[in-house]
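A closer look at the structure
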Amino acid sequence: MGSSTETSIATTISNSSPPSPPQVIVSPCAACKILRRRCVEKCVLAPYFPPTEPLKFTTAHRVFGASNIIKMLQELPESQRVDAVSSMVYEANSRIRDPVYGCAGTICQLHKQVSDLQAQLAKSQAEVVNMRCQQAHLVGLLCMEMKQHSQYQQQQQQQQQPTTSTISPTSSLSSLQMQHDVDDFLFNTITTDSSSPDNSFDGLISGDGNLGSEWESLW
């Protein structure tokens, strides 16, 4: 009787106790997994080589080695370690692609591309300046042509205007000179005729004796 009572009490206690939390299994980082070593709590490589990116550590380890990677990370402050790991991975990939020049070859190619782009930019700027000069020259020729055309139109309009009846001062002077010449000619002619010996009119006026005697014989 007593044993059965103790068994039931133990069963009740075991059923009423809360379940224990599941054990959290921490996966080692990619570096420790590849190196086949135990990943400690404060592993230097764990924050930068997560277990989901094993190729990242494989590439860097192939070129630099695990000891060099750990040494470089320990010598740098934590604020610069992320950039350092990125640089190491990039340099390792460049070295694998080009074992001779590595990242230096990539830098040279980038410098060459920059130089080519600068040359193309300078050429384009020179072409733009040349086009602007040509445009300015054409605009100047067009303005000159328009000015000449307007002057020609003004001359045509002046020629097409009807002549007025007013006599210019020059024509008036020439007419007066002509009239003066005509008057002088007439005056000289009259003077010459009056002084000639064949003119009988002067004899009549002067009362020539011969003519008077002839008239007297008639009476």
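Here, every reference points to the structure presented above.
What counts as what
- Residues numbered from 1 in each chain as written.
- Predicted model: local features only at pLDDT ≥ 70, side-chain atom pairs only at ≥ 80, totals over all residues.
- Heavy atoms only, no water.
- Helix = DSSP H or I, 4+ residues; strand = E, 2+ residues; numbered from the N terminus.
- Contact = heavy atoms within 4.5 Å.
- Areas by Shrake-Rupley, 256 points an atom, 1.4 Å probe, with all protein chains shown as cover.
- Phe/Tyr/Trp six-rings, centres within 6.5 Å; stacked < 30°, edge-to-face > 60°.
- Buried < 20%, exposed > 50% of the residue type's maximum accessible area, 1.4 Å probe, protein only.
- Salt bridge = Lys/Arg side-chain N within 4 Å of Asp/Glu carboxyl O.
- Core = buried A, V, L, I, M, F, W, Y, C linked by side-chain atoms within 4.5 Å.

Before going further, it helps to examine the overall build of the chain. Along its length, the chain carries nine helices and zero strands. Put simply, 41% of the contacts in the chain that link residues at least 6 apart link residues at least 24 apart. Roughly 18600 Å² of accessible area belongs to the chain as shown, and the carbon and sulfur atoms make up 59% of that amount.

With that settled, consider the packing of aromatic side chains. Summed over all chains, the structure comprises one aromatic pair. Ring centres of Phe 49 and Phe 57 lie 5.1 Å apart, and the angle between their planes is 80°; on these two criteria the pair is classed as edge-to-face. This pair shows no difference in class: Phe 49 is buried, exactly as Phe 57 is.

All right, on to the pattern of salt bridges then. Evaluated as defined, the whole model comprises two salt bridges. Asp 116 is the salt-bridge partner of Lys 112, the closest N and O atoms lying 3.3 Å from each other. Of this pair, Lys 112 and Asp 116 both sit in helix H6 (residues 103-160), four residues apart, roughly one helical turn. By relative accessible area, Asp 116 is classed as partly exposed at 36%.

Moving on to the nonpolar core. Grouped together as the largest cluster of nonpolar side chains are 17 residues, with contacts concentrated most on Ala 31, Leu 45, Phe 49, Phe 57, Ile 69, Leu 73 and Val 85. For this core, the elements supplying multiple residues, two or more each, are helix H2 (30-35), helix H3 (54-63), helix H4 (66-75) and helix H5 (78-97). In terms of residue count, the dominant contributor to this core is H4 (four residues). Excluding anything up to four places from it in sequence, Phe 57 contacts Ala 30, Ala 31, Ile 34, Leu 35, Leu 45, Phe 49, Ala 66 and Ile 69.

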